[in-house]
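Analysis of the macromolecular model
As a plain string of letters, each chain reads:
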Amino acid sequence: MTMKKKILILGSTGSIGTSTLDIIANDPASFDVKGLACASNVDLLNAQIDRFRPANVCLFDGERKEGVNLQGARLYTGIEGMKEMIRSDVDIVVNALPGSIGLEPTVEALNCGKTLALANKESLVMGGRMIRNIIAKTGAELIPVDSEHSAVYQLLKGIDHSEVRSIIITASGGPFRKHTKKALENVGLSDAMNHPTWKMGRKITLDSATLMNKGLEIIEARWLFDLEPEKLRTLVHPESIVHGIVEFSDNSLFAYMASPDMKIPIAYALYGEKRAALPFSPLNLDSVLKLTFHPPDLKRFPSIRLAYEALMAGDGALIAFNISNEVAAEAFIDGRIKFTDIPRIVAETLAEAPKEPIIDNLDKIRDIISWTRNVAMTKITGTGRRKL
Ligand code: MG
């Protein structure tokens, strides 16, 4: 008899969180849900508590805690509550929080030596160097839960870095893949939320429409695989079947294929980098008519180019890249700016970002986060409103 793995899910009511629980529900003999944390979706949280009976529950928005039906679980609130749950008796922390709020839980989990299944790419974008240092010190394991990065991670297993010429992460191209520059100016929120291949939360869906998500993923890959920026490439692949490709020095290429279903990379992390028999989304190649690839258009979608510029400018710029995108994304969602203002605000903020080539502590990162928020906000005031 094997011991059940004790799982803590941060962001349990989001798309990664619910997919994680689907995997656990499919194999209850292997996993024990020790803790669930979410922002504010009390109704779904209550249904999850009822189904999985966790020992600990965290509602980030403490004001709504009266509505939680704990059924014997201990209640935590806020970021400190989440950190306390991370320090408790759990084997795997699934960090599926959206945006920069995920950084501190990532640091806490790795400092405690927990296995971290990381879907929060912003952690690595802003704190990649620090995170690598923590892992070197504590020996904690970080397994990526991002479809492209899980693909490349699996392809690179046991491979000597000297044999790798480049890695390629694919992009669906988002809902505006064929839009002209002019048409992009007038897209609304509901257009941006209509992703062609993946069903995800609001922030990442918008990031996919601007291709900011791919910019963030390039930076994520830089830290995850410790590869130089010139070895990181992106191809638009609208079918979302090939998630990652490794190009070797002998001109051979290995590609990873799977249906676009996050349950497959999540399960790879939960099962400790082993392949389980999963019932989800089998890929039938007989029905895949064709696979196409083309380079991204950096004129219409400058986000990827901006990510490389941030990588060249150093660690301070990486934080500024992420935070200015978050500020701009929020402003677009609120109807305060146009879609094409998002990369403009990121570019203008990056141009002023502090020239800090090496940052490896949380206090410094926090300083640059608040600096960037203020600067990015000033870029929003005075810009035109998009149609609602
Ligand atoms: Mg991805």
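This part is about the overall build of the chain. On a plain count of helices and strands, the chain comes out with 15 helices and 11 strands. For a compact globule of 388 residues, the expected C-alpha radius of gyration is about 21 Å, and the chain comes in at 20 Å, within 12% of that figure. Residue pairs at least 24 apart in sequence account for 67% of intrachain contacts in the chain once pairs closer than 6 positions are excluded. Surface summary for the chain: the accessible area is close to 16,600 Å², and the carbon and sulfur share equals 51%. A distance of 3 Å separates the average location of the 47 positive side-chain charges in the chain from that of its 47 negative side-chain charges.

Moving on, we come to the domain arrangement of the chain. Per the domain assignment, the segments making up the chain are domain 1 (5-144) and domain 2 (159-260 + 290-381). The centre of domain 1, based on its C-alpha atoms, is set 25 Å off from the matching centre of domain 2. Across the boundary between the two partners, domain 1 contributes 19 residues, which contact 30 residues of domain 2. When domain 1 packs against domain 2, the two sides together hide about 2,000 Å² of surface, and 63% of this comes from carbon and sulfur. Considering only the side of domain 1, the residues that lose the most area to domain 2 are K121, V125 and R129, jointly responsible for 33% of the buried surface there. Applying the counting rule to domain 1 against domain 2 returns five salt bridges. A salt bridge links D315 to R129; the shortest N-O distance between them is 2.6 Å.

Our focus in this paragraph is the coordination of the magnesium ion. Listed as protein donors to the magnesium ion are D146 (OD), E148 (OE) and E217 (OE); their distances from the metal cover 2.0 to 2.1 Å. Of note, the magnesium ion draws all its donor residues from one chain, in the sequence arrangement D-x1-E-x68-E. Within this pair, whereas D146 is found in the loop between β7 (142-144) and α6 (147-155), its partner E217 is found in helix α10 (residues 212-225), the two being separated by 71 residues in sequence. The same class applies to D146 as to E217, namely buried.

Before going further, it helps to examine the pairing of strand β11 (residues 253-257). Inspection of the sheet shows strand β10 (residues 242-248) paired to β11 by five bridges, in the antiparallel sense. The residue of β11 that forms the bridge with E247 is L253. Hairpin connection from β10 to β11: four residues lie between these consecutive antiparallel strands, with N251 at a positive phi of about 70°.

On to the sheet that holds strand β8 (residues 164-171). Pairing is mixed across the open sheet formed by four strands, whose spatial order is β9-β8-β10-β11. The two strands at the open ends of the sheet, each matched to only one other strand, are β9 (232-236) and β11. Strand-to-strand twist in this sheet, taken as the mean axis angle between neighbours without regard to direction, amounts to 20°. α6 rests against β8, β10 and β11 of the sheet, and its axis sits at about 35° to β10. The strands that α10 touches are β8 and β9; relative to β8, the one it contacts most, it runs at about 145°.

Bringing the packing of aromatic side chains into the picture now. Considering all chains together, one arrives at four aromatic pairs under this definition. Between F332 and F339 the ring centres are 5.8 Å apart and the planes differ by 70°, which places this aromatic pair in the edge-to-face class. Residues F332 and F339 agree in their burial class; the two are buried. Ring pairing ties together the aromatic residues F176, F332 and F339, which thus form one cluster. Over the ring of F52 we find R51, and its NZ or CZ is 5.1 Å from the ring centre. We note R222 situated over the ring of W223; from NZ or CZ to the ring centre the distance is 4.0 Å.

A few words now on helix α1 (residues 15-26). Across its 12 residues, α1 extends 17 Å between first and last C-alpha, which sits within 8% of the 16 Å expected from 1.5 Å per residue. I16, G17, S19, T20, L21, I23 and I24 are the residues of α1 that are buried. Where α1 is buried, its residues contact β1 (5-10), β2 (31-38), α2 (42-52), β5 (92-95) and α11 (263-270).

With that settled, consider the side chain of K114. Take K114: it is sitting in the loop between α4 (103-111) and β6 (115-118). Lacking a salt bridge, the buried K114 has D89 as its closest oppositely charged neighbour, with an N-O distance of 5.7 Å. In contact with K114, other than residues within four places in its own chain, are I86, R87, S88, V90, D91, V93, A109, A140 and E141.

As for its placement among the helices and strands, S287 is situated in the loop between α11 and α12 (303-313). Within the structure, S287 has its side chain in polar contact with the backbone oxygen of N284 (distance 2.9 Å).

Calculation rules
Residues numbered from 1 in each chain as written. Predicted model: local features only at pLDDT ≥ 70, side-chain atom pairs only at ≥ 80, totals over all residues. Heavy atoms only, no water. Helix = DSSP H or I, 4+ residues; strand = E, 2+ residues; numbered from the N terminus. Rg over C-alpha atoms; globule rule 2.2 N^0.38 Å. Contact = heavy atoms within 4.5 Å. Areas by Shrake-Rupley, 256 points an atom, 1.4 Å probe, with all protein chains shown as cover. Lys, Arg positive; Asp, Glu negative; His and termini not counted. Charge placed at Lys NZ, Arg CZ, Asp CG, Glu CD. Domains from an automatic or database assignment. Buried area = accessible area lost by both parts, 1.4 Å probe. Salt bridge = Lys/Arg side-chain N within 4 Å of Asp/Glu carboxyl O. Donors = N, O, S within 2.8 Å, 3.2 Å for Na, K, Ca; no water. Buried < 20%, exposed > 50% of the residue type's maximum accessible area, 1.4 Å probe, protein only. Pairing = 2+ DSSP bridges. Axes fitted to C-alpha atoms, helices over the stretch in contact; angles between N-to-C directions. Phe/Tyr/Trp six-rings, centres within 6.5 Å; stacked < 30°, edge-to-face > 60°. Lys NZ or Arg CZ within 6 Å of the ring centre and 35° of its normal. Expected span 1.5 Å × (residues − 1). Polar contact = N/O pair within 3.5 Å; in protein donor to acceptor, adjacent residues only side chain to side chain.

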